[in-house]
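Descriptive structure summary
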Amino acid sequence: MDALAAPAPTASAGLADALDASGALADAFDASGALADAFDASGALADSFDASGALGDALDASAVLTGDLGAPDALTGAPSGHAAPALLRPVLTELRLSAFASHRRAAFSFGPVTLLAGASGSGKSQVLGAYEALAALGSGATLEEVFPEPSALVPERAVPDADRRRGFRIGCTVDGPVGPVRLDLAVQAEPELRVVGERLSVGGEVLLSTALRDPGRRSVQAAWLTGGAVGVTRAPLPDDRLGTALLPLRVAGATAGQRRVLAAAEQAVVALRSVFACDPRPDRMRAPVPPGEGRLLGDCANLADVLRRTRHECGTRHALLARAARTGCAGEVAGLDVRAPADGPVTALLDRGPGLPATELGRLGAGELRFLALALVLLTGPGVLAVEPATELPSARQALTVLADGLDRDLDRRQGDELLRLALMACGRGHVRLVAAVGEECAGAARRIPGVSVVDLTP
C-alpha cells in the first residue's frame, strides 16, 4: 500500500500540521496568532487536511511526484521534458510572515536590490529578523539559538488555547534551477519552544511535511517523497531544527522522488545559508584590532584587519573601495592603507595624498565609518565576509544576500546615493543581493532609481 494512502490517525493521536490549499501553514494558528480551532477538545490538531486540496495524512495521486519525471540533477537542471529554469543561483524571492510579531498574513517580494521603507514601528526590522532567522535555521541552528525570546514573536493579541499554547508562522520561496520552492514553518513558542509543522513543496507538490503528533516526545513525524512502490518515507526528526536542512543527511537519492526532494531541499538550504547580516558599529571600529583571518564580522569591528587583507589579495576591489571613499569621506582621499607592525595591532588609514599625514579611521565620523564598512561588504564576497556558504557548490552557483538594518543610518544624501550606486553595480552581476531597511528620505530618492525595489510597510 502507498504509505500516503494509509488511514490517518484520529485527532486524539496527537498534533499534526494543518496547511491550506495555497501551501501555507495556515490553520495551525488562528487569525490572532494563537494555536486555535485546528485543535479538538483534547488539544490535538486534526490529523488530516481539508477537502479543498490541503494536504492531510494522506495525499491524493495528483499531489505527489511519481517516478514519471526524469531525475533532476540537484541544483543543476530540471527533470527531463521540462525547460531549464533561467535562474542558476538559488535566491530567496519572497518572505511570508503569516503570524510573526506585528505582521499578519504579510508577504514581501525581493529583487536584487530591495529596500524596506515605512514609518517607525512598521516592522522593517522584524522582516529582516525573520529573514535572518530562516537563514540560521537553514544553516543548522536550533530554535533556541535562533529565537532566544520566542514569546516576543507571537502576535500581541494572540490568545492561548486550553493548553496555554501560542506560536508564530514564517515561510519563504526560493527560486532557482528547480523552480520556485516553498518552505513554510509553524513554531510553538509557549509553553515550550518547538516545531509544530513544516512543509516543503514545488509547484503545489508536497515533497516534505512534518507534524508534531505526540507532544510528549521531542520529535516531529516527517514524511518525504520516495516514489515508486513505497511512495513516502516516514521517520522522526528533531522538533528543534528545520527538517529541510536535515534532508541531505537523511535522503539517499536512490529514486527519482528522492532526487526531487534533495534538489528542492538543497536549493532552499543553499539560498538560506548564503546570507550576511550586517550592522556596522562605529564605536567598535575605531580602535586598532589584532591581526586575524581577515573575514569581516557582522558589526564590522575588525574592518582594519579586513582592509589589510584586501589590500594584498583583492587589488581591484580594494581600488574600487578607495574610489568610493573619495565620495563617502570628507576631505582629500588618495587611497586606503593600513599600519600593521609585525607584533602589534592593525590600524586602518585614509591616505590623504603626498605631503599630508594619513588619517586613522578612528578619527572619522560615524557616517564615514558605516559608509566604508557597507561599501566593503557590497564590493566583496563570501570569502571576505564571516559567512559559511555551501562548500559543495562553486561560488558561481551561489548568490550572497546582504541584510542591512538601517542602511542609511548616520549617512548623508551623498553617501546614501553612492551606496545605492555600488549596490546596483554589485547586484547587477548576480552574485550579490541586498535587502535593507531605510528611512523615508532614502526610500523617496530610491524610488526614482531604476533597478531598486522599494517595499513600503506603512499600513
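First, a word on what this report is: a plain description of the structure on this page. On a predicted model such as this, the values are computed, not experimentally measured, just so you know.

**Considerations on the environment of phenylalanine 276**
Of note, phenylalanine 276 is situated in strand S10 (residues 275-278). For phenylalanine 276 and leucine 296, which are 20 residues apart along the polypeptide, the C-alpha to C-alpha distance reads 10.0 Å. What phenylalanine 276 contacts, discounting residues up to four positions off in sequence, is Leu296, Leu297, Gly298, Val377, Leu385, Ala386, Val387, Leu400, Thr401, Val402 and Leu403.

**Regarding the packing of aromatic side chains**
Scanning the model with the defined rule gives 3 aromatic pairs in all. Ring centres of phenylalanine 147 and phenylalanine 168 lie 5.0 Å apart, and the angle between their planes is 70°; on these two criteria the pair is classed as edge-to-face. Of the two residues, phenylalanine 147 is situated in the loop between helix H2 (143-146) and strand S4 (166-175) and phenylalanine 168 in strand S4; the sequence distance between them amounts to 21 residues. Phenylalanine 168 carries the same exposure label as phenylalanine 147, and that label is buried. One aromatic cluster is present, built from ring pairs that chain together Phe100, Phe147 and Phe168.

**Let's talk about the side chain of histidine 318**
In this structure, histidine 318 sits in helix H7 (residues 315-328). Judged by its relative accessible area of 10%, histidine 318 falls in the buried class. Setting aside anything within four residues of it in sequence, one finds histidine 318 in contact with Leu307, Thr310, Arg311 and Leu336.

**Brief notes about the pattern of salt bridges**
Within this structure, the stated rule accounts for 23 salt bridges. A salt bridge links arginine 166 to glutamate 190; its shortest N-O distance comes to 3.0 Å. Here the residue arginine 166 occupies a position in strand S4, and glutamate 190 occupies one in strand S5 (residues 181-190), the gap between them amounting to 24 residues.

**Section: the sheet that holds strand S16 (residues 453-456)**
The strands making up a sheet are joined through hydrogen bonds of the backbone, oriented either antiparallel or parallel. In spatial order, the strands read S10-S14-S15-S3-S16; together these 5 strands make up an open sheet with parallel pairing. Edge positions in the sheet fall to S10 and S16, since each of these pairs with one other strand and no more. Strand-to-strand twist across the sheet, computed as the mean angle between neighbouring axes with direction ignored, equals 15°. Of the strand pairs in this sheet, strand S14 (residues 400-404) and strand S15 (residues 432-437) are connected by 5 bridges, and their pairing is parallel. Of the residues in S15, the one forming a bridge with leucine 403 is valine 435. Each of strand S3 (113-117), S10, S14 and S15 touches helix H1 (residues 124-138); the most contacted strand, S14, lies at about 145° to it. Most of the contacts of helix H9 (residues 413-427) go to S15, to which it runs at about 145°, and overall it touches S3 and S15.

**Some remarks on unusual backbone geometry**
Here the bond from glutamate 190 into proline 191 is cis, since omega is 0°, no more than 30 degrees from zero. Within the secondary structure, proline 191 sits in the loop between S5 and strand S6 (194-202). Unlike most non-glycine residues, arginine 105 shows phi in positive territory, near 50°. Note on placement: arginine 105 falls in strand S2 (residues 103-109). Here arginine 105 falls in the exposed class, since its relative accessible area comes to 65%.

What counts and what doesn't
Residues numbered from 1 in each chain as written. Predicted model: local features only at pLDDT ≥ 70, side-chain atom pairs only at ≥ 80, totals over all residues. Heavy atoms only, no water. Helix = DSSP H or I, 4+ residues; strand = E, 2+ residues; numbered from the N terminus. Contact = heavy atoms within 4.5 Å. Phe/Tyr/Trp six-rings, centres within 6.5 Å; stacked < 30°, edge-to-face > 60°. Buried < 20%, exposed > 50% of the residue type's maximum accessible area, 1.4 Å probe, protein only. Salt bridge = Lys/Arg side-chain N within 4 Å of Asp/Glu carboxyl O. Pairing = 2+ DSSP bridges. Axes fitted to C-alpha atoms, helices over the stretch in contact; angles between N-to-C directions.

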